[in-house]
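What follows is each chain in one-letter form.
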Amino acid sequence: MGVTRTPRERWVEEGLRALAGGGPEAVRVEVLAQALGVTKGGFYGYFRNREALLAEMLDTWERTVTDGVIERVEGEGGDARARLERLFTIAAEAGDGQVTGMAVDLAIREWARRDEAVARRLRRVDTRRMAYLRSLYGAFCPDPEDVEVRAFVSFTLRIGYHLVDVDHAGRSRAEVMERTRDWLLR
């Protein structure tokens, strides 16, 4: 019976977890191998070097937060408001251990501040996300200015939600988020 290899995807997932926890400096082959409970030799069966892993991590993140999310939203159909509701739910349910989680997103944003290639990729991803939001809001908002504001508020709320810790004048955060959803979908 042959030795079971750790799948390539597991190296990428573990790399993204390490990135979320400590930035690109934390993505080290030895550390990933230890976390996966394997030797680092298996890594080189998939990747030329650490840089190749980092590139594939970014590819995986980009596919997952753009194509993957859009496919999930579009997959169940419905009008634009129903699809936005689904998108909001997917965004709210994305756990920090997942590729779509905020910890990975924020780590990539921080990395982009120091690496121009990552910054270009982040801009491409953010532009794609905004274009999708515009397309959904544009289906029921006739005013392009209103579409832009709603898309921008939705997107920045997704990114900044976890960074703001305030009292909501007697309301829970969940109540404020529900009211925000209602306002955006009106």
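Scroll up to find the structure this text is about.
Residues numbered from 1 in each chain as written. Predicted model: local features only at pLDDT ≥ 70, side-chain atom pairs only at ≥ 80, totals over all residues. Heavy atoms only, no water.

Asker: Break down the layout of surface pockets for me, citing the residues and quoting the values.
Answerer: Approximately 650 Å³ is the volume found for the largest pocket. Taken together, 25 residues make up the lining of the largest pocket; nearest its centre are Leu87, Phe88, Ala91, Ala92 and Arg158. (1 Å grid on protein atoms, 1.4 Å probe; cavity = no way out; pocket = protein on both sides within 12 Å on 5 of 7 lines; lining within 4 Å. Points joined across faces, edges and corners; volume = space filled by probe spheres on them.)

Asker: How would you explain the pattern of salt bridges if you had to name every residue and give the values?
Answerer: Counted by the stated rule, this structure contains 20 salt bridges. Ionic pairing is found between Glu148 and Arg134, a salt bridge with its closest N-O pair at 2.6 Å. Separated by 14 residues along the polypeptide, Glu148 in helix α7 (residues 144-160) and Arg134 in helix α6 (residues 116-138) bring together distant segments of the chain. Judged by relative accessible area, Glu148 falls into the partly exposed class, the value being 31%. Several salt bridges converge on common partners, so that one network encompasses Glu25, Glu110, Arg113 and Arg114. (Salt bridge = Lys/Arg side-chain N within 4 Å of Asp/Glu carboxyl O. Helix = DSSP H or I, 4+ residues; strand = E, 2+ residues; numbered from the N terminus. Buried < 20%, exposed > 50% of the residue type's maximum accessible area, 1.4 Å probe, protein only.)

Asker: Describe helix α4 (residues 80-93), and please don't skip the residues or the numbers.
Answerer: Along its 14 residues, α4 runs 20 Å from first to last C-alpha, staying within 8% of the 20 Å computed at 1.5 Å per residue. Regarding α4, the residues found buried are Ala80, Arg83, Leu84, Arg86, Leu87, Phe88 and Ile90. Buried residues in α4 make contact with α3 (50-75), α6, α7 and α8 (173-185). The backbone nitrogen of Arg81 lies 3.2 Å from a side-chain oxygen of the residue at the head of α4, namely Asp79. (Expected span 1.5 Å × (residues − 1). Contact = heavy atoms within 4.5 Å. Polar contact = N/O pair within 3.5 Å; in protein donor to acceptor, adjacent residues only side chain to side chain.)

Asker: Report on the packing of helix α1 (residues 8-22) against helix α5 (residues 102-112), specifying residues and quantitative values.
Answerer: The description of two helices packed together rests on the angle between their axes and the distance between the axes. The contact between α1 and α5 brings their axes to 8 Å, and the two run at 70 degrees. As judged from the angle between their axes, α1 and α5 are roughly perpendicular. The way α1 lies across α5 gives a crossing that is left-handed. Counted together, Leu16, Leu19 and Ala20 of α1 and Ala103, Val104, Ala107, Ile108 and Trp111 of α5 form the full contact between these two elements. (Axes fitted to C-alpha atoms, helices over the stretch in contact; angles between N-to-C directions. Parallel < 35°, antiparallel > 145°, perpendicular 65-115°, else oblique. Left-handed = near helix turned anticlockwise from the far one by under 90°.)

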